[in-house]
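Residues per chain are reported as follows:
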Amino acid sequence: MKSLSEIETTSKRASRAAGFSWGMAEEVGKSVRLLELFGFPGIKNLNQYYKKKDKNNFETIKFIKKKNVSTKFSFCPINLGVNFLDQIRIIEKYKKCSFKGTAYPLLLLPFLCRASEIIGKKLLVKVDGNKLLLNFNLNIFSNFFEKKFPLKAKHIEVIFLDNKDNFNDLDWKNLYNLSEDTFVEERDSLKQGAAGAGLTDND
Amino acid sequence: MNIDLRNPNIIMKLSRLGSFHQSRLSFLRSFLSEFKDWKFKRDLFDLDKKGFGTAVYSLKKKDRIYSLICFANKINDQERSDRVIATKWDAAFTLHDGLPSKQDIKRLKKEVPRQEIGRLSYKELTLSRANKSIRIFKHVVENLSNGTQPNLDLLKKVGYLYRTTAVYGSGKFGLADRFRIKNREEINGPFRLEMMLVYLVRQFTFDQVNHVAKNKNPKKAVKLDPQICKNLGIGNSTGLGMAPFIVNHPTLLNNWILCREKALKKIREIKKIETKDSDLFLNCVKDSIKNITTWNTESDYQLNKIKLLLKDVKKFLNFIKTEFSFKEDYAFNRIYFWLEKETCAECIEYIVSIMMEPYSEIINPLIKEMSSDEDRYFNIPADRTVKELIAILENKYSSILSINFKKRENYKKFWFISKNKEEPRLANRFEEYGSELEQPLAIARDIKRLYEKLLLYEKSLTLDQFLIDNSNLRHVVRRAFIIEKFPYSEIQDNTIGENTIPIDMLRLKLSFFGALKFDPRSDKWLRICMFQGAPLPNDLKNYDEQWVYKSHH
């Protein structure tokens, strides 16, 4: 079994050898490590992508807009991922954005995960109809499990989810009422003597 | 009184970092302190008459066990090499998490002696190998088997029976990743498991030499005197492999240095020095002179440093005797100012280290701050502006920005990774081929490039836009935001200049390990000694914490 440290170092070096700058290669190393940690085939996808990279011209993207369409070739997932990460404060304002034609979309995922952590919002990502919920770079909830990730995504949609509860008020109220059973009802003597603050706040 | 932390622009210069010495903060000392109440056991000692075979040692507390597994092998003299290109060693070791099963030992017997080309598992924590000092080992066996103790003068010259040539950890060659074990309290300090391995290897070397002597002459042989054992350490040959580490782990480097600086600051801020503390400090300085006078090296560079150190330490003791009183307020602060004015960098850092000896209440909490969660600081805040980044560079890298990288002598060298051994190397870019594959370790040059490029851009531009066209500078943009938070995270010097002395980088790291007697063999590798004078495993419960100054060799 390869350690995550080996996975990160080798991915970084391979990315440099594949033509990326050292700074970009560092990003890829961290991202592939994350994929493998989450149980996704990061090494396999990166390997396949670099094999194809010389033969296929993947498109780079500079400024990410609300709707992004590759023209002749698919987007490079690494260039797209790094720019997504860098521009996340702007992209966040779109509420959602989409990408038509992305090569090896699995490689884009860790960048989106890290972006989710930076802005403190969950991201819902739809890859050709399949869904992934990215939770602040802590985990990925997905119906992709046991399905093969596509080598090319025709359509990716990224939706920024507002921070809101996953439960209703009644659920919360019931649980809170139960938690109150750990509190002590204060009599007057306790009100006078058990609090840390002074009896008057005007002294 | 509030004392400022020392200026990173002075402390982080290579020549100053290359003058650092071990202290109470050093990892081998904090390892001993943490593990002093663990139970030591020799679980297996299956060596043949010549000392070849397998041994297992363990440290145990409650349900936690760490086991050193040793494989001692026969090799020919011509196969023995300390260089990283070697493929065979006198002994190979791994630290196993728990007690190894027979299957584990069988598996590891195939893999551990192969070192870099072997495969370890997540159950193994560190990996190492070592070669005998043949001259010393033979001499000790010869004497013990004849019923006599070895010649102490000869032992003094070397200081160990074995020297390790590499100690690997943190996920190398399949070893456990740090994240698997990072929440264990007993290893909450850098390189603690590496220190454990070396410490247990030291005991193996004593057991092996006794075993070989006994088998050579069962009737007459005696055991190596425990006091002699105590004064022997483990040697280590270290090459450039260590140098990039401190560049590649900026927040970790910061935390090591920052703890040292915080310790010094707090000691200088003590108003009244208690007599017991000043006595302890002075006794350590006096005792430590033996460590200087027995510091053997053939390196003119180091000999000169030792000569200056000895002269200045004696000058310091004379100052204390004739002109100084610990009754003065803020005595250590006055000492520090005197050192800065009157002594060399080697002596300043030497005495600074010894100032920490009386103050475990200051040092012990700092030891827990010496690790780093590096991933937390990896992301670039790309919504910051060009103006802000320029300000960081001007503020934090002022001396680096003054280096003229158009001069050939300032970019003469380049760092690369050898294809043969996957190890870092340094070469002349004008004479050797391969500089197009240069590693990103020329931080000073790249910071300067970044600065010059930034000046061409609109100041209000955000960095996400800047990075689109300047991906080649991304690695140093990241570093600039790290140094903004971590002032000691960067070497404030040129690492590719004609006059760069790489062993300064090694020396820095080794001083934090707790190494003694740095012995440069060139400007690119050196030998050191670890644990010389340290308590033996069975004496750990009540040991003298200042053992490092009381070694008799």
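Please read these numbers as outputs of a predicted model, since none were measured by experiment. (Residues numbered from 1 in each chain as written. Chains lettered and ligands numbered in written order. Predicted model: local features only at pLDDT ≥ 70, side-chain atom pairs only at ≥ 80, totals over all residues. Heavy atoms only, no water.)

Peer 1: Tell me about a nonpolar patch on the surface, and please be specific about residues and values.
Peer 2: All names here are of chain A. Together, Phe-167, Trp-172, Tyr-176 and Phe-183 make up a nonpolar patch on the protein surface, roughly 450 Å² of accessible area in all. With respect to the secondary-structure elements, Phe-167 resides in the loop between strand 6 (152-160) and helix 7 (169-179). On the basis of relative accessible area, Phe-167 is assigned to the partly exposed category, the value being 40%. (Patch = residues over 30% accessible without salt bridge, like charges linked within 9 Å, V, L, I, M, F, W, Y side chains within 5 Å. Areas by Shrake-Rupley, 256 points an atom, 1.4 Å probe, with all protein chains shown as cover. Salt bridge = Lys/Arg side-chain N within 4 Å of Asp/Glu carboxyl O. Helix = DSSP H or I, 4+ residues; strand = E, 2+ residues; numbered from the N terminus. Buried < 20%, exposed > 50% of the residue type's maximum accessible area, 1.4 Å probe, protein only.)

Peer 1: Break down the layout of surface pockets for me, citing the residues and quoting the values.
Peer 2: A volume near 850 Å³ is recorded for the second largest pocket. The wall of the second largest pocket is formed by 23 residues, among which Phe-416, Ile-417, Ser-418, Lys-419 and Leu-437 of chain B lie closest to the centre. At 6 residues, the largest contribution of residues to the lining of the second largest pocket is made by helix 1 (residues 4-17) of chain A. Residues that form the lining of the second largest pocket fall into these classes: 9 nonpolar, 6 polar and 8 charged. (1 Å grid on protein atoms, 1.4 Å probe; cavity = no way out; pocket = protein on both sides within 12 Å on 5 of 7 lines; lining within 4 Å. Points joined across faces, edges and corners; volume = space filled by probe spheres on them. Nonpolar A, V, L, I, M, F, W, Y, C, P; charged D, E, K, R; others polar.)

Peer 1: Help me get a handle on the domain arrangement of chain B, residues and values and all.
Peer 2: Parsing chain B into structural domains produces domain 1 (8-24 + 245-372 + 502-531), domain 2 (38-232) and domain 3 (379-485). For domain 2 of chain B and domain 3 of chain B, the distance between their C-alpha centroids amounts to 41 Å. (Domains from an automatic or database assignment.)

Peer 1: If you had to explain the environment of Leu-526 of chain B to someone new, which residues and values would you point to?
Peer 2: Residue and element names in this part refer to chain B. Relative to the assigned elements, Leu-526 resides in strand 11 (residues 526-530). Leu-526 sits in the buried class, given a relative accessible area of 2%. The spatial distance from the C-alpha of Leu-526 to the C-alpha of Arg-507 is 8.7 Å, given a sequence separation of 19 residues. Not counting chain neighbours up to four residues away, the residues in contact with Leu-526 comprise Asn-236, Ser-237, Thr-238, Ile-503, Leu-506, Leu-510, Asp-519, Pro-520 and Arg-521. (Contact = heavy atoms within 4.5 Å.)

Peer 1: Could you give me a rundown of the sheet that holds strand 5 (residues 124-132) of chain B, with the residues and numbers involved?
Peer 2: Residues and elements named next belong to chain B. The strand order across the open sheet built from 9 strands is 1-2-3-4-5-6-7-11-10, with neighbouring strands paired in mixed fashion. Looking at strand neighbours, the two that pair on one side only are strand 1 (39-47) and strand 10 (516-520), the edges of this open sheet. Between one strand axis and the next, the sheet turns through 25° on average, direction left out of account. Relative to strand 11, strand 10 is paired through 3 bridges, and the arrangement is antiparallel. Paired with Asp-519 across the two strands is Arg-527, which belongs to strand 11. (Pairing = 2+ DSSP bridges. Axes fitted to C-alpha atoms, helices over the stretch in contact; angles between N-to-C directions.)

Peer 1: Kindly report on helix 17 (residues 386-396) of chain B, identifying the contributing residues and their values.
Peer 2: Since the α-helix advances by 3.6 residues per turn, residues separated by three or four positions end up pointing in the same direction. All names here are of chain B. Among the residues of helix 17, Val-386, Leu-389, Ile-390, Ile-392 and Leu-393 are the ones counted as buried. All buried residues of helix 17 project into a common sector of 160° when viewed along the axis, lining one side. Pointing more than 90 degrees away from the buried face of helix 17 are the exposed residues Lys-387 and Asn-395. (Arc of directions from axis to C-beta.)

Peer 1: Could you give me a rundown of the packing of aromatic side chains, with the residues and numbers involved?
Peer 2: Residue and element names in this part refer to chain B. With the rule as written, the count across this model stands at 44 aromatic pairs over all chains. Relative to Phe-531, the ring of Phe-31 has its centre 6.4 Å away and its plane inclined at 80°; by these criteria the two rings are edge-to-face. Here the residue Phe-31 occupies a position in helix 3 (residues 27-34), and Phe-531 occupies one in the segment after strand 11, the gap between them amounting to 500 residues. On the accessibility criterion, Phe-531 (1% relative accessible area) is buried. Ring geometry for Phe-316 against Trp-338: centres 5.9 Å apart, planes inclined by 50°, an arrangement best described as tilted. Of this pair, Phe-316 sits in helix 13 (residues 300-323) while Trp-338 is found in helix 14 (residues 331-342), placing the two residues 22 residues apart along the sequence. Across the pair, exposure class does not vary: Phe-316 and Trp-338 are buried alike. Grouped by ring-pair contacts, the aromatic residues Phe-281, Phe-316, Phe-319, Phe-324, Phe-326, Phe-332, Trp-338 and Tyr-359 constitute a single cluster. We note Lys-132 situated over the ring of Phe-137; from NZ or CZ to the ring centre the distance is 4.6 Å. (Phe/Tyr/Trp six-rings, centres within 6.5 Å; stacked < 30°, edge-to-face > 60°. Lys NZ or Arg CZ within 6 Å of the ring centre and 35° of its normal.)

Peer 1: I'd like to hear about the pairing of strand 8 (residues 413-417) of chain B, residue by residue, with values.
Peer 2: Summarising the sheet, strand 8 of chain B and strand 9 (residues 424-428) of chain B pair through 5 bridges and their orientation is antiparallel. Counterpart to Ile-417 of chain B in the pairing with strand 9 of chain B is Pro-424 of chain B.

Peer 1: I'd like to hear about the sheet that holds strand 3 (residues 123-127) of chain A, residue by residue, with values.
Peer 2: Residues and elements named next belong to chain A. In spatial order, the strands read 1-2-6-3-4-5; together these 6 strands make up an open sheet with mixed pairing. Of all the strands in the sheet, the pair left with one neighbour each is strand 1 (67-69) and strand 5 (139-142). Strand-to-strand twist in this sheet, taken as the mean axis angle between neighbours without regard to direction, amounts to 20°. Sheet topology note: the strand 3/strand 6 ladder contains 5 bridges and is antiparallel. Note that in strand 6 the partner of Val-125 across the bridge is Val-158. Contacts from helix 4 (residues 77-86) reach strand 2 (96-103) and strand 6 within the one sheet, and its direction differs from that of strand 2 by about 160°.

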